[in-house]
Amino acid sequence: MPRTADKPEMTSTTPFDPASATIAIVTYNRSGLLTRLLESITKMDPKPGHVVIIDNASVDDTTELVESYREKLGTELVYRRLETNTGGSGGFSEGMRTAYELGSTWIWLMDDDVEVLPDGLARMGAWAPRFKSIQGRRYDYDGSEFYWQYRVAEPLGIPIPFAPAGFDASGFKPMNSGCFEGMFIHRDIVEQIGLPDPRFFIYWDDQMYGWLASRKTTSVIVDEFVLRRTREIKQWDMGIRHMNASSNAYRYYIMRNRGHMKNYYRSLGVYNPVLFGIGTALTFGKELIRLVAVERTVRGTSNLFRGIRDGAKIARDASWKPMPPLVGAAG
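Residues numbered from 1 in each chain as written. Predicted model: local features only at pLDDT ≥ 70, side-chain atom pairs only at ≥ 80, totals over all residues. Heavy atoms only, no water.

Some thoughts on the overall build of the protein chain
In step 1: When its secondary structure is counted, the protein chain shows 10 helices and 13 strands.
In step 2: If you take every contact in the protein chain between residues at least 6 apart in sequence, the share linking residues at least 24 apart comes to 82%.
In step 3: As displayed, the protein chain offers around 14300 Å² of accessible surface, 54% of which is attributable to carbon and sulfur atoms. (Helix = DSSP H or I, 4+ residues; strand = E, 2+ residues; numbered from the N terminus. Contact = heavy atoms within 4.5 Å. Areas by Shrake-Rupley, 256 points an atom, 1.4 Å probe, with all protein chains shown as cover.)

If you want it as structure tokens, here you go:
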């Protein structure tokens, strides 16, 4: 299949209608952060047709908070509280499903730890006639420009940390990845690649989904600041880039989910065991560096090894299937 950069732009003569867009938010026990996001949506102009909130079984005051915004949000609010915590992956899968079943043409995914800039939807919509998988830019919590790794070294299955940050006069750059903190995607692509895979639970799910999208359409990151991150994360300042702190759960799923990625690669005929193995080794090494340089500890390595073990089991599962397309589904 042609690379992203070789695909033609999917220019449409249909103007963007903000009411055709749905913001889909995933939250879990962070009502303080969610408050800031919902407050920012009240100030948006234009607003989307719907706001979908997927609550991963929060036990704080999230339900009461959401209901307090139902009348003042300025658009239709759909709230779904799940019975169990399905992780970010499960939450975004349900958010995408809900938005799709609402008939949304555009689905804008975001975590609860961002704010939407007032003209964010208009800025994204300006690119909608040309592309069907779009990522906007974000400010970090301190107001600086947040760098996101928008290119993946496909054979290795890992992001390229030093892909150029600058934009030329076109205002966009081809990407072959994705981030659920701001992914803006057309329902036509969702129909073709299906919903995000909830089996990941956390990590690699959005990169995989963005990569799948880039195999169907020209995916781009655009030079438009549309979100602001609202949560400070411990970082190691490397000068040009930053490395964020992690957690034992993340360390486990970073390695475990390489098994799901391997299966996706196999299903699409792009799996190279040597190169993918190098990517896995580099991922392991990066997490060791993160432990020592950012978190100042060596405790946590057992989670990496557990992840490798369980990822190998997933890769050997003969019954594993990729997420099915939604073509022909209701909506």
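Some words on the pairing of strand S6 (residues 133-139)
In step 1: Judged by how many residues are buried, S6 sits mostly within the fold: 6 of 7 residues are covered.
In step 2: By the bridge criterion, 3 bridges tie S6 to strand S10 (residues 183-186) in an arrangement that is antiparallel. Its bridge partner lying in S10, Gln 135 is registered against Met 183.
In step 3: Two elements, S6 and strand S11 (residues 219-229), share 6 bridges in a ladder whose sense is parallel. Paired with Arg 137 across the strands is Phe 225, a residue of S11. (Buried < 20%, exposed > 50% of the residue type's maximum accessible area, 1.4 Å probe, protein only. Pairing = 2+ DSSP bridges.)

Concerning the packing of aromatic side chains
In step 1: What the rule picks out here adds up to 19 aromatic pairs.
In step 2: On the basis of an interplanar angle of 10° and a centroid distance of 4.2 Å, the ring pair of Tyr 139 and Phe 225 is categorised as stacked. Residue Tyr 139 is found in strand S6, and its partner Phe 225 is found in strand S11; the two are separated by 86 residues along the sequence.
In step 3: Of the residues examined, Tyr 139 reaches a relative accessible area of 25% and is grouped as partly exposed.
In step 4: Judged by relative accessible area, which is 13%, Phe 225 ranks as buried.
In step 5: Cluster of aromatic residues (ring-pair linked, three or more members): Phe 16, Trp 106, Trp 108 and Phe 184.
In step 6: Residue placement shows Arg 187 over the ring face of Tyr 100; its charged tip is 3.9 Å from the ring centre.
In step 7: Its end group placed over the ring of Phe 146, Arg 229 keeps NZ or CZ at 4.2 Å from the ring centre. (Phe/Tyr/Trp six-rings, centres within 6.5 Å; stacked < 30°, edge-to-face > 60°. Lys NZ or Arg CZ within 6 Å of the ring centre and 35° of its normal.)

Function cannot be read off these values alone, since they describe shape.
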